[in-house]
Amino acid sequence: AVVDVLLILFLVAAIIGSNDRFSKSIRTSLTSLEHSLGLEAEAPGDAPWDWTIALLRPQLELQDDDRLLVVVPHPDDDILSTAGTIQQALEKGLPVKVVFLTNGDYNETSFALYRKEITLDQTEALRLGETRREEALAAQGILGVSPEQVVFLGYPDGGGLEIFQQHWGESEPYRALLSGQNAVVYAFAQTPNAPFKGESIVADLKQVVRDFQPTKIFISHPGDVHPDHQTLPLYLQVALWELENEIVPEVYHFITHYGRWPQPRGYQPEHPLEPPAQYDVANRWRIFPITMEQREKKLQALQAHHTQWGSGQPYLESVVRANELFDVIEEIPISPGEEVEILPAETAFTGEALHLHP
């Protein structure tokens, strides 16, 4: 009888999945039914009703005239978030460009485990940045992306938030903690010698968007717990405000770092990827199903990031799931003179902010 009910729910999902309010209601009811029957799955995707819940989410669709721009904080974020999406875009013959804010040159812990020695100096930091660039190009090559489609901005790993808060205008450029640099040092970067300041990052993003003219942009989530991931979409938003008379692309946000999400750890490509529960509001998340072949290439591309695989394998492979996942975040307009409450960042992770009205 339960199987019959679930088959009916699959059909209902296919028919009314586009109705956001009804979809949210059905997902809540399915979860309650699961608990009341004692049918909780040990892991996401272990039971067919989990897939019913996933199918009720809106699906992201690629159009024939789409141009995809993927903007990520560090090498490997691109593979974790959009490897399947990129593959499908290339199969459709769509233009794709991948942009890295940093070269990941502050993750010395993973690099030390990879090299089996610890050397904390400026030369090694830049060497790490060069190594991670090579890994990024190799990983994108597995997906079918050529080096000409990849851009490195060369800003400091771990500096995104402080730059956004303190380094604009007349202020001194930010100085990277490990490399000691205060300007883009990599010759292969889009703007070599650009000072580590907010307007430099915005200018580079504006140039990329203006030159490439994307219809869809995929970028990190402001609710991510990593400071670079939190602030990269803020820089993009400023750039898009300045370009609003030229281009208005769709923007999709992916989550990467959020506590122990996703669970369970390990390679489980048959399971759906669901958002962190505290951010699962208003039926905003879009799923993008990917094939088993695309999942396998995603895993291969992650393994090409040798400096990260040794220390991060359990997490990295846990994001290789049956779908990729994107949040659609709407702007909340604020009028001059309007009273606004500013909450500490921690409220986002306790769920408090989700219960407040704009």
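Here the structure is a predicted model, which is why all the values come from computation and not from measurement.

1. Points about the overall build of the chain
Phase 1 of the analysis: Summing up its helical and strand segments, the chain has 12 helices and 7 strands in all.
Phase 2 of the analysis: Across the 358 residues that make up the chain, the buried fraction comes to 51%.
Phase 3 of the analysis: For the chain, long-range pairs separated by at least 24 residues make up 78% of all intrachain contacts whose partners lie at least 6 apart in sequence.
Phase 4 of the analysis: Element-wise, carbon and sulfur atoms account for 54% of the exposed surface of the chain, whose accessible area totals about 16,900 Å².

2. Details of the pairing of strand β4 (residues 216–220)
A regular strand carries its side chains on alternate faces of the sheet.
Phase 1 of the analysis: Among the 5 residues in β4, 5 count as buried, and that is most of the element.
Phase 2 of the analysis: By the bridge criterion, 5 bridges tie β4 to strand β5 (residues 250–254) in an arrangement that is parallel. Following the sheet pairing, Ile219 is matched in β5 by His253.
Phase 3 of the analysis: With helix α9 (residues 227–242) bridging β4 and the parallel β5, this β-α-β connection has right-handed handedness.

3. Observations regarding helix α8 (residues 198–212)
Phase 1 of the analysis: Across its 15 residues, α8 extends 21 Å between first and last C-alpha, which sits within 8% of the 21 Å expected from 1.5 Å per residue.
Phase 2 of the analysis: Of all the positions in α8, only Gly198, Ser200, Ile201, Val202, Asp204, Leu205, Lys206, Val208, Val209 and Phe212 are classed as buried.
Phase 3 of the analysis: The secondary structure elements touched by the buried residues of α8 are β1 (68–72), β2 (96–102), β3 (150–155), α7 (160–166), β4 and α9.
Phase 4 of the analysis: A positive phi of about 55 degrees marks Gln213, the residue just after α8.

4. A few points about the confidence of the model for the chain
Phase 1 of the analysis: When pLDDT is averaged along the chain, the result is 84, and 77% of the positions lie at 70 or above.
Phase 2 of the analysis: The low-confidence segment residues 37–49, where pLDDT is below 50, has 27 contacts with residues more than four positions distant or belonging to other chains.
Phase 3 of the analysis: Predicted confidence for residues 353–358 stays below pLDDT 50, and this span has 8 contacts to residues more than four positions away or in other chains.

5. Brief notes about the side chain of Gln308
Phase 1 of the analysis: Inspection of the secondary structure assignment puts Gln308 in helix α11 (residues 306–318).
Phase 2 of the analysis: Take Gln308: its relative accessible area is 6%, and that puts it in the buried class.
Phase 3 of the analysis: Reaching out from Gln308, the side chain makes a polar contact with the side chain of Thr307 at a distance of 2.8 Å.

6. Structural notes on the packing of aromatic side chains
The relation between two aromatic rings is expressed through the spacing of the ring centres and the mutual angle of the planes.
Phase 1 of the analysis: Enumeration over the complete set of coordinates arrives at 10 aromatic pairs.
Phase 2 of the analysis: Between Phe164 and Tyr235, the ring centres sit 5.1 Å apart and the planes meet at 80 degrees, which makes this aromatic pair edge-to-face. With Phe164 in helix α7 and Tyr235 in helix α9, the pair connects residues that are 71 residues apart, well separated along the chain.
Phase 3 of the analysis: A residue is classified by how much of its surface remains accessible, and Phe164, at 25% relative accessible area, is partly exposed.

7. Structural notes on the sheet that holds β3
Phase 1 of the analysis: Ordered in space as β3-β2-β1-β4-β5, the 5 strands form an open sheet in which the pairing is parallel. Edge positions in the sheet fall to β3 and β5, since each has one partner strand and no second. Taking each pair of neighbouring strands and ignoring which way they run, the sheet shows an average axis angle of 15 degrees.
Phase 2 of the analysis: Bridging between β2 and β3 involves 4 bridges; their strand directions are parallel. Of the residues in β3, the one forming a bridge with Thr102 is Tyr155.

8. Here we look at the packing of helix α6 (residues 122–143) against helix α10 (residues 292–303)
Phase 1 of the analysis: Between α6 and α10, whose axes approach to 8 Å, the crossing angle comes to 165 degrees. Of the possible angle classes, the one that applies to α6 and α10 is roughly antiparallel. For the pair α6 and α10, the sense of crossing is right-handed. For the pair α6 and α10, contact is made by Ala139, Ile142 and Leu143 and by Lys297, Gln300 and Ala301, respectively.
Phase 2 of the analysis: The residue makeup of the contact of α6 with α10, split by class, is 4 nonpolar, 1 polar and 1 charged.

9. Regarding the side chain of Asn323
Phase 1 of the analysis: Mapped onto the secondary structure, Asn323 falls in strand β7 (residues 323–326).
Phase 2 of the analysis: For Asn323, a relative accessible area of 2% puts it in the buried group.
Phase 3 of the analysis: Here Leu273 takes part through its backbone nitrogen, which lies 2.8 Å from a polar atom of the side chain of Asn323.

10. Notes on the nonpolar core
Phase 1 of the analysis: Among the nonpolar cores identified, the biggest contains 43 residues, and Leu68, Ile79, Ile86, Phe100, Phe218, Leu302 and Phe326 are the most heavily contacted of them.
Phase 2 of the analysis: Here this core gets 5 residues from one element, more than from any other, and that element is helix α4 (residues 77–91).
Phase 3 of the analysis: Beyond its immediate sequence surroundings of up to four residues, Leu68 is in contact with Leu62, Thr85, Ala89, Leu94, Pro95, Val96, Lys97, Phe212, Lys216 and Phe218.
Phase 4 of the analysis: Leu153, Phe196, Leu232 and Leu240 belong to the second largest nonpolar core, which has 31 residues in total.

About the cut-offs
- Residues numbered from 1 in each chain as written.
- Predicted model: local features only at pLDDT ≥ 70, side-chain atom pairs only at ≥ 80, totals over all residues.
- Heavy atoms only, no water.
- Helix = DSSP H or I, 4+ residues; strand = E, 2+ residues; numbered from the N terminus.
- Buried < 20%, exposed > 50% of the residue type's maximum accessible area, 1.4 Å probe, protein only.
- Contact = heavy atoms within 4.5 Å.
- Areas by Shrake-Rupley, 256 points an atom, 1.4 Å probe, with all protein chains shown as cover.
- Pairing = 2+ DSSP bridges.
- Right-handed = clockwise from strand over helix to strand, strands pointing away.
- Expected span 1.5 Å × (residues − 1).
- pLDDT = per-residue confidence, 0-100.
- Polar contact = N/O pair within 3.5 Å; in protein donor to acceptor, adjacent residues only side chain to side chain.
- Phe/Tyr/Trp six-rings, centres within 6.5 Å; stacked < 30°, edge-to-face > 60°.
- Axes fitted to C-alpha atoms, helices over the stretch in contact; angles between N-to-C directions.
- Parallel < 35°, antiparallel > 145°, perpendicular 65-115°, else oblique.
- Left-handed = near helix turned anticlockwise from the far one by under 90°.
- Nonpolar A, V, L, I, M, F, W, Y, C, P; charged D, E, K, R; others polar.
- Core = buried A, V, L, I, M, F, W, Y, C linked by side-chain atoms within 4.5 Å.

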